[in-house]
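# Secondary and tertiary structure notes
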Amino acid sequence: MATLAERRSLEPWQDPKAVPYLRIDRVTKKFGDVYAVDDVSLEIFQGEFFSLLGSSGCGKSTLLRMLAGLEYPSAGRIYIDGVDVTDVPAYSRPVNMMFQSYALFPHMSVEQNVEFGLKQDRMPRRERGERVGEMLDLLKITELRKRRPDQLSGGQRQRVALARSLAKHPKLLLLDEPLGALDKRLRENTQFELVNLQERLGITFVTVTHDQEEAMTMSTRIAVMDAGQIMQVDTPTAIYEFPTCRLVAEFIGSINLFEGKVVATEGNQVLVETRVGRPMRMRAFHPMVLGTPVTVAVRPEKMRLCADFRDDGVNQLKGRVEDIAYLGDVSIYRIRVGDGALVEMTLTNVQPRTEQALTWEQEVAIEWSPTSGVVLTE
Amino acid sequence: MPAPLPSASVRHRRMSRLVNIGIPYLWLGLFFLLPFAIVLQISLAEPALAQPPYTALWQWVDEGLLRIEINLRNFMMVAQDDLYLSALLNSLQVAVICTLLCLLLGYPMAYAIATAPERWRITLLMLIVLPFWTSFLIRVYAWIGILKPNGLLNDALIWLGLIDTPLAILHTQTAVYIGVVYSYLPFMILPLYANLTRLDPSLLEAAADLGCRPMRAFLRVTLPLSMAGIVAGSMLVFIPVVGEFVIPDLLGGPESLMVGKLLWSEFFSNKDWPLASALAILLLALLVVPFVMMQRLQQRMEGSRP
Amino acid sequence: MQRTSTAFLFVSALAVPMISPVTLADETLHLYNWSDYVAEDTLSGFESETGIKPRLDVYDSNEVLEAKLFAGSSGYDLVFPTARPFAARHIKADLYLPLDTSKLPGLDRLDPAIMSQLANIDPDNAHLVPYMWGTSGLGINRDKIQAALGETADLDTWALVFDPETASKLGDCGISLLDDPTEVYSAALAYLGKDPNSLDKDDLDAASALIKAIHPHVRYFHSSQYMSDLANGDLCVAMGYSGDVFQAQSRAEEAGKGVVIDYVIPREGAAVWTDVMAIPKDAPNPAAAHAFIAYMLQPAAIAAVSNEVYYANPNLAATPLLDDAVREDPAIYPPTEVKERLFVPSERSDREIRDLNRLWTRLKANR
């Protein structure tokens with residue numbers, strides 16, 4: 001177990017005394033009558049790998065562009081390292097951005113692209129050369145230095161774009177869908193490289209992504225956005241295990257949702273009556289009033305086969321296997337229960353598939369523990 | 001139904017490929033090479049009082065005796081007489097200045113249209129193209145009405161109290177510049193516009209993000225990337241202006257000696273078709289040079305791609 | 001045209017079998033003439049008399065007509081070139097069809113003096129029939145000239161354009177010269193008191209020096225632009241063709257802006273020119289062309305043209321039919337003493353004309 005002090009340095013957002021490096025204070029952006037970003041506040045700390053996650057049109061890119069200075073907020077302030085940069089134009093901000101399309105200058109070589117920002121700072125020629133060399137080395141693209149962007153593959157371009165955005169040694173790097181244009185295999189490799197790079201350079205990263213897996217793998221924290229608002233900000237684990245609303249729960253991974261209402265409270269547990277069967281007993285993080293409409297959310301891998309199904313058992317359901325999706329390492333089972341709802345369960349394929357017990361149309365009983373899910377109030 | 005014989009379909013495909021390749025060449029041969037050959041042939045003849053008014057290049061004098069006469073004097077005269085040279089130089093000067101003026105005026109206009117909100121662009125483009133719906137000649141005539149001593153411009157300036165006596169603009173080189181720039185501006189704007197709308201706006205954002213102020217971003221990113229449009233627009237203005245005849249004739253004064261006018265007077269006033277043809281051939285040769293240069297430049301810009 | 005006429009005959013034969021289809025109804029005559037050079041009823045009168053449909057195309061310079069004739073297959077039946085130097089060299093180049101005089105009654109009404117002049121370039125008057133004649137003089141805006149030079153200034157003299165001092169005073173209100181070296185040189189020579197047709201090198205050099213001296217005061221050299229500029233008051237003196245100046249005069253009157261234009265034949269002498277009718281050798285319908293010439297030989301028809309375009313015609317029988325204003329205008333029908341000062345440009349070889357033209361181009365461009 002880490003000590004509290006250690007945990008605080010790893011998780012500065014837990015420390016009330018920590019000073020955020022980037023502070024977004026009630027920022028709103030309107031395009032005509034449409035709120036692209038609606039009253040968003042966020043604090044991001046030095047050294048974080050922070051992801052803005054959401055489906056397209058949720059406002060995450062607009063928020064990122066406001067950080068870069070490519071859009072100006074309709075209301076609210078943005079502070080970087082304590083300085084109000086809300087009205088500072090892009091070319092004067094101490095941040096750099098890696099664009100989704102990479103936006104490499106097609107008329108310049110790789111080298112010239114990387115050097116571009118340094119030239120704007122009037123860095124002496126020798127120093128510039130060294131910095132460019134350093135960046136090309138860092139991203140292992142030294143042999144491409146004389147090529148033009150249209151002579152590069154997608155992965156190579158991504159590296160050049162990264163090298164260019166890192167060349168000025170920014171303290172804050174903004175990445176707009178940094179892996180979005182890569183194919184799946186390349187994406188997975190690059191995820192780890194990106195994290196390693198970030199940790200090595202100690203730069204604060206803010207990325208925008210619509211890919212939850214990518215966000216989970218790389219981020220220290222994730223902000224899930226929808227319709228211009230932030231739904232939840234938390235670590236990947238917390239976002240996954242303890243979503244605070246249905247939207248977040250559904251957005252990340254798959255989840256079984258049972259609607260019902262609170263019928264009893266027992267210590268830090270509540271008893272919820274749902275339409276699918278007997279009451280469910282779940283841990284609750286907040287005290288709840290009887291009769292509150294709630295949703296019980298349980299992830300498929302938290303379900304297990306029930307050996308001793310009892311007629312009065314809680315968190316137990318009976319049903320029939322309707323669908324099996326074999327994914328190799330795991331299989332997903334869809335089970336029709338009580339009132340006709342479908343429940344998903346994931347089981348690790350411990351045995352080869354041919355020898356597995358469950359098959360179509362089989363009657364099964366499933367169960368989960370009170371700590372394996374959450375009770376959502378909205 | 002049995003499938004068509006493979007040989008037939010292959011033959012058919014070959015035929016269609018032949019047609020596809022052949023048509024452009026046929027076009028080129030019929031509408032460029034053939035007229036060029038005719039003009040070249042005339043340029044090597046001598047003027048004569050006959051119909052047509054030049055001598056034949058070859059003649060059967062006797063059974064089996066063919067006499068070919070090639071007269072190079074027209075080229076020699078054009079090369080030696082400084083009148084033609086100075087007309088040529090003046091034409092080049094007018095063309096260069098007008099091309100630059102069109103570029104200076106046309107670039108900001110093309111840029112403004114390309115960056116205007118999408119719903120306005122068609123309207124703005126229409127405004128650029130609209131004058132084409134009126135006859136070119138009438139538009140040039142309209143400039144006579146504007147520029148003449150008691151025309152619209154002078155009247156307006158006098159009314160505003162800026163000048164006391166009318167400015168002599170019509171029948172000067174200035175009037176030629178005004179007329180040419182007015183007439184050829186759309187030829188500069190349209191290719192530039194086409195080029196600038198294809199420019200990825202995120203490139204300018206990237207430049208700004210890397211610390212580049214807007215003016216510098218324009219010089220280092222927009223301008224180099226619109227070079228193809230600049231070259232295309234400049235060629236579209238430069239080449240026809242070198243040979244322009246109507247505008248200097250209507251708006252120019254006696255000093256605005258341009259090669260197009262000289263060509264006209266050789267062809268019509270002097271009825272010297274061979275000399276006019278020689279002049280035309282030299283003009284063509286002169287214009288081929290910038291065209292080849294443009295081709296080279298484009299190849300260099302595209303050649304680096306795989 | 002053939003197809004139309006067959007179709008027409010076929011249809012009319014079916015629809016109205018009583019009417020005889022034997023007419024010249026669809027015969028067509030293609031005329032190529034100067035712009036504004038026929039009377040309003042000339043073409044309709046010709047059509048109703050002969051049944052031939054005239055089609056008129058117009059040009060505004062002899063050079064354009066000439067280029068078409070030399071290129072061949074112009075498609076025109078009748079053209080109206082100026083006799084010297086154009087028709088003269090067309091005859092040498094054998095571009096015209098000899099006339100069939102049996103189809104041209106009324107040739108004897110033409111002024112024998114003009115016919116004998118034409119015989120110099122067209123032996124036996126075999127190809128050309130004179131159409132109109134006029135002089136090259138000065139169109140003047142009396143008010144503006146007097147404002148610049150004083151009330152007593154002489155107006156009937158080439159000095160208005162060729163005297164450097166006078167020209168410098170008139171430069172601001174506008175001087176234009178014809179863009180034609182033969183015309184300008186002969187006028188300059190006449191002003192200098194020399195033979196206007198002189199080819200003597202010293203004479204030509206003197207004329208060149210004179211033109212160079214006044215060149216800075218000349219607004220432009222052009223052979224038609226001056227018409228509207230005179231009428232608008234943008235020029236105060238223009239060297240021009242008599243009829244064109246008269247048209248400027250009537251335009252100025254119509255505009256009613258108080259611009260008054262006069263035509264003067266300078267006392268030093270002026271060139272007289274004749275426009276003629278001729279049939280190109282490859283004319284598609286020479287018979288119709290003959291018919292048109294015959295029609296224009298009728299005194300009433302040609303008098304109507306003179307009344308409208310203010311040029312004199314060579315038809316002596318037409319003179320009594322002219323409007324008084326035309327017949328008695330000394331600028332159109334000059335009295336004998338003025339006539340004596342007119343000269344006919346002499347003939348020049350192609351070589352001489354080209355040299356003169358190139359000299360002219362150089363001079364205009366000030367190079």
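Residues numbered from 1 in each chain as written. Chains lettered and ligands numbered in written order. Predicted model: local features only at pLDDT ≥ 70, side-chain atom pairs only at ≥ 80, totals over all residues. Heavy atoms only, no water.

## Thoughts on a negative patch on the surface
Taken together, the side chains of Asp36, Glu40, Asp41 and Glu308 of chain C define an acidic patch exposed on the protein surface. Looking at the element boundaries, aspartate 36 of chain C is found in the loop between strand E1 (28-34) and helix H2 (42-50). (Patch = residues over 30% accessible without salt bridge, like charges linked within 9 Å, V, L, I, M, F, W, Y side chains within 5 Å. Areas by Shrake-Rupley, 256 points an atom, 1.4 Å probe, with all protein chains shown as cover. Salt bridge = Lys/Arg side-chain N within 4 Å of Asp/Glu carboxyl O. Lys, Arg positive; Asp, Glu negative; His and termini not counted. Charge placed at Lys NZ, Arg CZ, Asp CG, Glu CD. Helix = DSSP H or I, 4+ residues; strand = E, 2+ residues; numbered from the N terminus.)

## As for the pairing of strand E2 (residues 34-44) of chain A
In this structure, strand E1 (residues 22-31) of chain A lies alongside E2 of chain A, joined through seven bridges in antiparallel fashion. Its bridge partner being in E2 of chain A, isoleucine 24 of chain A is matched across the sheet by leucine 42 of chain A. (Pairing = 2+ DSSP bridges.)

## Regarding the interface of chain B and chain A
Contact residues are listed per partner, giving 21 residues for chain B and 25 residues for chain A. Summing the contributions of chain B and of chain A, the shared interface buries around 2,100 Å²; its carbon and sulfur component is 58%. Per-residue buried area on chain B facing chain A is highest for Asp209, Leu210 and Arg220 of chain B; these three make up 34% of the total on that side. The interface formed by chain B and chain A includes one salt bridge. When the shortest N-O distance is used, the salt bridge between glutamate 205 of chain B and arginine 65 of chain A registers 2.6 Å. Of all elements in the fold, only helix H8 (201-209) and helix H9 (214-225) of chain B reach the threshold of two or more residues within the side of chain B that touches chain A. Here the side of chain B that touches chain A takes seven residues from H8 of chain B, the largest share from any one element. Residue composition of the side of chain B that touches chain A, grouped by class: eleven nonpolar, three polar and seven charged. (Contact = heavy atoms within 4.5 Å. Buried area = accessible area lost by both parts, 1.4 Å probe. Nonpolar A, V, L, I, M, F, W, Y, C, P; charged D, E, K, R; others polar.)

## Concerning the UniProt feature "binding site: spermidine" (unreviewed entry) in chain C
Residues and elements named next belong to chain C. As annotated by UniProt and renumbered to match this structure, "binding site: spermidine" (unreviewed entry) occupies Asp180, Pro181, Thr182 and Glu183. Following the sequence through the fold, threonine 182 ends up in helix H9 (residues 181-191). Not counting residues up to four positions away in its chain, the partners in contact with threonine 182 are Arg348 and Leu356. Along the chain, glutamate 183 turns up in helix H9. Setting aside residues no more than four positions away along its own chain, glutamate 183 makes contact with Ser136, Leu178, Met239, Tyr241 and Ala271. At 3.0 Å, the side chain of glutamate 183 forms a polar contact with the side chain of serine 136. (UniProt positions renumbered as here; feature names shortened; annotations may be inferred. Polar contact = N/O pair within 3.5 Å; in protein donor to acceptor, adjacent residues only side chain to side chain.)

## Notes on the sheet that holds strand E3 (residues 78-79) of chain C
All names here are of chain C. The strand order across the open sheet built from three strands is E2-E1-E3, with neighbouring strands paired in parallel fashion. In this open sheet, the two strands that pair with only one neighbour each are strand E2 (53-59) and E3. Here E1 pairs with E2 via seven bridges, running parallel. Each residue of the ladder has a partner; that of tryptophan 34, found in E2, is tyrosine 59. Strands in contact with H2 are E1 and E2; relative to E2, the strand with the most contacts, it is inclined by about 155 degrees. Sheet strands in contact with helix H3 (residues 62-71) are E1, E2 and E3, and its direction is about 140 degrees off that of E1. (Axes fitted to C-alpha atoms, helices over the stretch in contact; angles between N-to-C directions.)

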